[in-house]
Amino acid sequence: MRVIVCENYEELSAKAAGLVAAQITLKPDCILGLATGSTPVGMYGNLIALCQKGDIDFSQVRAFNLDEYYPIKKDNEQSYCRFMYDNLFSKVNIDLKNTYIPNGETDDPVQECERYETLIRDSGGIDLQILGIGQNGHIGFNEPDATLNSRTHLTALTDSTIKANARFFDTYDEVPKHALTMGIATILRAKKIVLLASGANKSRVVSALLNGGINTSIPATMLKTHPDVVLICDRDAYSGARLGVDIGGTNIKFAVVDGGAVQYKSAIKTASSCEAILSDISSEIIRIMGEYHVKNVGIGTPGIIKKGLVTCANLPFDKTPLERLISEKTEVSVCVDNDANCAALGEITFGNTTDCSNIVLVTLGTGIGGGIIMDGQICRSNENIGEIGHMIIQAEGGRACPCGQTGCWERYCSMTALAESAEEYALANKDSILYHLYLENGNKLSGKLIFDAMDRGCPAANTVFDRFLNYLARGIESLANIFGPDAIVLAGGVTVQKDRLLEPLQKKLKKDVRVEISKLQGDAGALGAAML
Ligand code: PGA
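Treat the numbers as computed from the prediction; the structure is a model and nothing was measured.

## Some thoughts on the sheet that holds strand 12 (residues 251–258)
The strands making up a sheet associate through hydrogen bonds between their backbones, and the pairing can be parallel or antiparallel. The sheet built from five strands is open, its strands ordered 13-12-11-14-18 with mixed pairing. Edge positions in the sheet fall to strand 13 (261–269) and strand 18 (334–338), since each has one partner strand and no second. If you compare each strand with its neighbour and ignore which way they point, the axes differ by 20° on average. Inspection of the sheet shows strand 11 (residues 241–247) paired to strand 14 (residues 294–301) by six bridges, in the parallel sense. Residue alanine 241 lies in a different strand from strand 14, and its bridge partner there is valine 294. The strands touched by helix 8 (residues 274–291) within the sheet are strand 11, strand 12, strand 13 and strand 14, with strand 13 carrying the most contacts at an inclination of about 150°.

Here it is in structure tokens:
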């Protein structure tokens, strides 16, 4: 996808009109695919001016519109039929017989959609398709969904589209709740596509389009499969590069993301005082911003964030207004969120689950961390949310947890807990390889030593890991029951043992749950923070 960033809406409109004019000049009997909405109005204004000056001639042009409300009378002020007449057709020398719009008055919408699809096909296909983009990522009226319809079809409008379009009607209730629209494949069959996006209310979706993968929850991302798409957007809609910062106990990571690609990565050591951490982060942000045109800065931090104040047991943050202090030091507005949330956002945007809208990220580390994304959005609340490590998995006689509960999941499935289980089991099985490794290692075991013992065929190590997998499976089933995610993503050191982990785990799951291993691992936090 080529991206043209314009200074403002006027420049965008002129550029888009220039492309349409060039198409008509090159092929006077071309077939245009046209769009309605507020964005193309300026482009139509420019085309009218060019036509009236005699620079372009619409007399042989044929035009198919993307969509029409359903049901709606053709003469209704808000019909797209009327929109096209008022904004273009009545003001240029196009033959109205060569203009096609799905018929919103039909009694048989299914048959009308088939007729429309066939008309487009029989015309020889669209040479140049103009598209707007909805705030929810729709193109035409192809709304976000688990699957997208390929052909022209009748569709129900989502609440967000009805609300967005209510500005054109007197009341919300007057907005039609259905529409007839070209399907995604109908659009993708066009030879060239020009996508227009204007205004800050489109920046979220433009960013997801440029930075994320293909995902039916943002239908415009399907355009990434087309070989000839130009996105023309204004500065407000264009997200620019994004900088993500991931604060960890040992290192602070930085990542610059632009157009779906990681442009730059760096890391610095985490200082011991709050002041030093803030000043190190700010200097690094300022340095990176000197090199990259960064528009957004996101920061992921461990701990609890309440009303913008960060408190973290493992870092010197105690009700620290991180967002405000770093914004003041860097003079850019930054956005702070919990690091597990950021990692989950990173995974859904860049990882193995870009096709999902709902995921739970489970990080198996010193404890168990969790980030939850539902409908493409981070789940947040005023309280700590996503503390999945403290889900109780052993109701009676469970291991004590520093949180005060007993039987928490992380007391069985964190890496700390795995090592503890192995140590207990080694002590009870003194003829095992595991016990020898325990002694050799100064009366301690680690995840790596357990896998070494398994490599050497140690039954004790196999039993320890098998029990670990049982607990892991029970926790995953509970998460699946609560959230019904499209996938659960596992991250953390143990997940490098993909073969040992994934297949045996799947066998133990009593539910049909898609489990993925994190693709981004340690980079997920910074990449996700960039997307905040
Ligand atoms: P807009 O609508 O141009 O009015 O923003 C675009 C769309 O919803 O496709």
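On we go.
## Some details on the packing of helix 12 (residues 415–428) against helix 13 (residues 433–440)
Where helix 12 contacts helix 13, the two axes come as close as 8 Å, and the packing angle between them is 110°. With respect to their mutual orientation, helix 12 and helix 13 come out roughly perpendicular. Relative to helix 13, helix 12 is oriented so that their crossing is left-handed. In this structure, helix 12 uses Ala422, Glu423, Ala426 and Leu427 to contact helix 13, whose residues at the interface are Leu434, Tyr435 and Tyr438. Here the contact of helix 12 with helix 13 is composed, by residue class, of six nonpolar, no polar and one charged.

## Topic: the UniProt feature "active site" (unreviewed entry) in the protein chain
UniProt's entry tags Asp67, Asn136, His138 and Glu143 with the feature "active site" (unreviewed entry), counted in the numbering of this structure. Of the annotated positions named here, the second largest pocket is lined by Asn136. Among the structural elements, histidine 138 can be located in the loop between strand 6 (128–131) and strand 7 (153–156). On the basis of relative accessibility, which here comes to 12%, the residue histidine 138 falls in the buried class. Histidine 138 has contacts with Gly132, Ile133, Glu143, Thr161 and Pro219, leaving out every residue within four places of it along the chain. Counting through the fold element by element, glutamate 143 comes out in the loop between strand 6 and strand 7. In contact with glutamate 143, not counting residues within four places along its chain, are Asn136, His138, Leu148, Ala156, Leu157, Thr158, Thr161 and Pro219.

## What about helix 7 (residues 203–211)?
Counting buried positions along helix 7 gives seven out of nine residues, so the element sits mostly inside the fold. Turning to helix 7, its buried residues are Val205, Val206, Ser207, Ala208, Leu209, Leu210 and Asn211.

## With respect to the side chain of serine 266
In this fold, serine 266 is placed in strand 13. Note on serine 266: relative accessible area 16%, which makes it buried. In contact with serine 266, not counting residues within four places along its chain, are Ile252, Lys253, Phe254, Glu284, Arg287 and Ile288.

## Things to note about helix 16 (residues 498–508)
Among the residues of helix 16, Leu501, Leu502, Leu505 and Lys508 are the ones counted as buried. Looking straight down helix 16, one finds that the buried residues subtend no more than 135° of arc, so they occupy a single side. Among the exposed residues of helix 16, those oriented more than 90 degrees off its buried face are Asp499, Glu503 and Lys507. Contacts made by the buried residues of helix 16 are with helix 15 (459–483), strand 22 (487–491) and strand 23 (515–517).

Reading the values: the criteria
- Residues numbered from 1 in each chain as written.
- Predicted model: local features only at pLDDT ≥ 70, side-chain atom pairs only at ≥ 80, totals over all residues.
- Heavy atoms only, no water.
- Pairing = 2+ DSSP bridges.
- Helix = DSSP H or I, 4+ residues; strand = E, 2+ residues; numbered from the N terminus.
- Axes fitted to C-alpha atoms, helices over the stretch in contact; angles between N-to-C directions.
- Contact = heavy atoms within 4.5 Å.
- Parallel < 35°, antiparallel > 145°, perpendicular 65-115°, else oblique.
- Left-handed = near helix turned anticlockwise from the far one by under 90°.
- Nonpolar A, V, L, I, M, F, W, Y, C, P; charged D, E, K, R; others polar.
- UniProt positions renumbered as here; feature names shortened; annotations may be inferred.
- 1 Å grid on protein atoms, 1.4 Å probe; cavity = no way out; pocket = protein on both sides within 12 Å on 5 of 7 lines; lining within 4 Å.
- Buried < 20%, exposed > 50% of the residue type's maximum accessible area, 1.4 Å probe, protein only.
- Arc of directions from axis to C-beta.

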